[in-house]
Amino acid sequence: AQKITQTQPGMFVQEKEAVTLDCTYDTSDQSYGLFWYKQPSSGEMIFLIYQGSYDEQNATEGRYSLNFQKARKSANLVISASQLGDSAMYFCAMRADGGSQGNLIFGKGTKLSVKP
Amino acid sequence: EPEVTQTPSHQVTQMGQEVILRCVPISNHLYFYWYRQILGQKVEFLVSFYNNEISEKSEIFDDQFSVERPDGSNFTLKIRSTKLEDSAMYFCASSEWGLAGGDEQFFGPGTRLTVL
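Below: a short report on this structure. Since we're looking at a predicted model, the values are computed, not measured. (Residues numbered from 1 in each chain as written. Chains lettered and ligands numbered in written order. Predicted model: local features only at pLDDT ≥ 70, side-chain atom pairs only at ≥ 80, totals over all residues. Heavy atoms only, no water.)

**Observations regarding the packing of aromatic side chains**
Residues and elements named next belong to chain B. Within this structure, the stated rule accounts for 20 aromatic pairs over all chains. Between Y35 and F45 the ring centres are 5.8 Å apart and the planes differ by 65°, which places this aromatic pair in the edge-to-face class. Taken as a pair, Y35 in strand β4 (residues 31-37) and F45 in strand β5 (residues 43-50) lie far apart in primary sequence, ten residues in all. As far as burial versus exposure is concerned, Y35 and F45 are alike and both buried. Relative to F107, the ring of F91 has its centre 6.0 Å away and its plane inclined at 75°; by these criteria the two rings are edge-to-face. Of this pair, F91 sits in strand β9 (residues 88-95) while F107 sits in strand β10 (residues 106-107), placing them 16 residues apart in sequence. Both residues of the pair, F91 and F107, count as buried. (Phe/Tyr/Trp six-rings, centres within 6.5 Å; stacked < 30°, edge-to-face > 60°. Helix = DSSP H or I, 4+ residues; strand = E, 2+ residues; numbered from the N terminus. Buried < 20%, exposed > 50% of the residue type's maximum accessible area, 1.4 Å probe, protein only.)

What follows is the structure, encoded as C-alpha cells:
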C-alpha cells in the first residue's frame, strides 16, 4: 500500500535561515508523483512544488526545492531564506499513477514555525 | 488567476441531517476530487470524478456520500445522514488531466462542516 511518512510533527527555524522538512514514501509503482502543499492557519491548501519519479533533476520553485532521493524513497522539502509568512503546516503527498485516477495520498504534516 | 471556489465556507448541521457541499472547479479542468481533513489530522481522499462518473473512491466514501455534477460548472458532495464523525474540513480539488505528470491539483478554500 502507498504511504507517506512525515516524522517531524513540528519544526522551528530562525527567520532567513534554511529549513528541511522530511518526507519518505512507500510505493511499489514505478511511476508516481510527489507534491508538497502548504496549509496556513486560514486552512486553504497551497501547492508548492512537484517532483516526478522519472525526473532526473530536483525540482525547484523559487525558495522551495525538493531533495529527491529515489533509492531512499525520500522527497524532502527545502525552504531557503525562511520568512515569517512561511509559518504553516506543510504536507507531503504522493500520487501513484499505477491504476489510480490521480488521487493524492497525504502525510500527517509538519508544522513549521518561523521565529523572528 | 482561475481558482476553485467552495460554498459555504462553514456549515453547521444537526446529526442525521443531509448536507450538500458545493464546489465550482476551474473551468477547463476535467478531473474533480473531494478530500476531507478532520481537525488536526491529515488530508484524506474521498472520491475522484471524471466524465460524469466516479473514477475512484476511498473506503471512507460509503453509501452516505454521493457526488454529482448537476450542470457544467458545479460539483457537489452530498452527505445523506450526517454523523458526528463527519465533522471536518472538506476540500474540493480539480486538475486538468489527472494522469501521470506534473499537473497540480488546485484546491478550493474548503468548507468546514460541523455536525452537532
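**A short note on the sheet that holds strand β8 (residues 75-79) of chain B**
Residues and elements named next belong to chain B. The four strands lie next to each other as β1-β3-β8-β7, forming an open sheet whose pairing is antiparallel. Single-partner strands in this sheet number two, and they are β1 (5-7) and β7 (65-68). Going across the sheet, the axis of each strand differs from the next one's by a mean of 20°, ignoring polarity. For strand β3 (residues 19-24) and β8, the ladder comprises five bridges, and the chain directions are antiparallel. Bridging from a neighbouring strand, I20 pairs with K78 of β8. (Pairing = 2+ DSSP bridges. Axes fitted to C-alpha atoms, helices over the stretch in contact; angles between N-to-C directions.)

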